[in-house]
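Close look at the chain arrangement
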Amino acid sequence: MTSLPLVFDAPKRGLPPRHLVDLTPAERQEAVEQLGEKPFRAKQLSNHYFGRLTVDPADMTDIPAASRDKLVSDLMPPLFTTVRKVTCDEGTTSKTLLRAHDGTLIESVLMRYPDRATLCISSQAGCGMACPFCATGQGGLQRNLSTAEIVDQVRMGAKAMRDGELPGGPGRLSNIVFMGMGEPLANYKRVIEAVRRITEPAPDGLGISQRTVTVSTVGLVPAIRKLTEEKMQVRLAVSLHTPDDELRNTLVPVNTRWDVAEVLEAARGYADQTGRRVSIEYALIRDINDQPWRADLLGKKLRKHLGQFVHVNLIPLNPTPGSKWDASPKPVEREFVRRVREQGVECTVRDTRGQEIAAACGQLAAEG
Ligand code: SAH
């Protein structure tokens, strides 16, 4: 067996100091008491963070000024500074480059649609999965993000929507996708805690429905099984990219550890537990994985392993700088969709928001 890069054992160095969001409600109370403050201040702080989406002590007028500064500096250390914001699609797509306390750069992308607003968030700085077509994969893994760093991206996105920062007036952040930088299931514990904080009702969480949170993975089978046991209702997306092991070993190198059949079986287990369809992500790459026979094989394998519990999301390849690969021509893409559907499997083409601002797949932080 080939030896794998540190799949489950990413470096801990560089994580930010402990933050309110990293703690359970009981731990928050304890932390507040250790500072010599009344226990109910924990709830007040949580209310400001999760309910009012603020980390600015000036907003916290229900807490006496002296206590406020002490509590905020101890329990809400600054997590990010905003380096840059870029928008496109008439302002309805907004990409934010954030710098963490140790200089690490990450990105998140907010996309507003007529009926929803979706935030694409990062779970790691960099990524250890080394998929050759992905910008993030080229730089390797820098570090895991903390629970608070993951959730804070969502807080900022929710605040931007509430405050009407995108055209269309004030709105609500409705959907979260773990499709920014990183492999979420390789930072399992922190990501699961983050999902809890994102989905619990205020004042313990941001109150976004689990059903509208998508965790996207290269297919770390033991972690998919573990996620199944959490009995949550989050949507699972699996980045398959090809139905055959030979090509997948190169497109998604972790396939040499858990192959297509194992990944699809684990996905089936998740679908059975949740009753929800699994999304299969497929970046369509010209002359690499877009052949008609691959579409047929994809449809057949998905039908066999997942029956009706599957939906294919084709993503036209977003070429990364210096890559020789390109998206498939539209007629090839249409034929691919037709053939997958012919096997009785739902298949749609993902819209390609944010391309001209390199908002897709780790390009922003890669460009610096
Ligand atoms: N590590 C996770 C989530 C991050 S990427 C995963 O692999 O699922 C989210 C999706 O974007 C994945 O399906 C990934 O394969 C895809 N992707 C990465 N780079 C891309 C590119 N250049 N063009 C199109 N899709 C890409």
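Residues numbered from 1 in each chain as written. Predicted model: local features only at pLDDT ≥ 70, side-chain atom pairs only at ≥ 80, totals over all residues. Heavy atoms only, no water.

As annotated in an unreviewed UniProt entry, the protein chain is Probable dual-specificity RNA methyltransferase RlmN from Lentzea tibetensis. As stated in UniProt under Subcellular location (unreviewed entry), the record for the protein chain gives "Cytoplasm". (UniProt positions renumbered as here; feature names shortened; annotations may be inferred.)

**Regarding the site of the ligand**
If you check the shell around the ligand, you find 19 residues, and the closest are Gly-182, Ser-216, Ser-239, His-241 and Asn-318. A distance of 2.7 Å is found between an oxygen atom of the ligand and a side-chain nitrogen or oxygen belonging to Ser-216. A distance of 3.4 Å separates an oxygen atom of the ligand from a polar backbone atom of Thr-217. Computed on the free molecule, the ligand has an accessible area of 530 Å², of which 96% lies beneath the protein chains in the complex. Every element with two or more residues in the shell around the ligand is listed here: strand S8 (213-217) and strand S10 (278-284). Of the residues that constitute the shell around the ligand, the class distribution is nine nonpolar, eight polar and two charged. (Near = heavy atom within 4 Å. Polar contact = N/O pair within 3.5 Å; in protein donor to acceptor, adjacent residues only side chain to side chain. Areas by Shrake-Rupley, 256 points an atom, 1.4 Å probe, with all protein chains shown as cover. Helix = DSSP H or I, 4+ residues; strand = E, 2+ residues; numbered from the N terminus. Nonpolar A, V, L, I, M, F, W, Y, C, P; charged D, E, K, R; others polar.)

**So, helix H2 (residues 40-51)**
Taking 1.5 Å per residue as the helical rise, H2 with its 12 residues ought to reach 16 Å, and the 16 Å between its terminal C-alpha atoms agrees with that figure. In the core, the buried residues of H2 are packed alongside helix H1 (25-34), helix H3 (65-75), helix H5 (147-162) and helix H6 (188-199). (Expected span 1.5 Å × (residues − 1). Contact = heavy atoms within 4.5 Å.)

**With respect to the pairing of strand S7 (residues 175-178)**
Of the two faces of S7, both are covered, the one formed by Asn-175 and Val-177 as well as the one formed by Ile-176 and Phe-178. Looking at chain direction, strand S4 (residues 117-120) and S7 are connected through three bridges and run parallel. The residue bridging Cys-120 from the neighbouring strand is Val-177, located in S7. Bridge analysis of S7 against S8 gives three bridges, and the strand direction is parallel. The residue bridging Phe-178 from the neighbouring strand is Val-215, located in S8. (Buried < 20%, exposed > 50% of the residue type's maximum accessible area, 1.4 Å probe, protein only. Pairing = 2+ DSSP bridges.)

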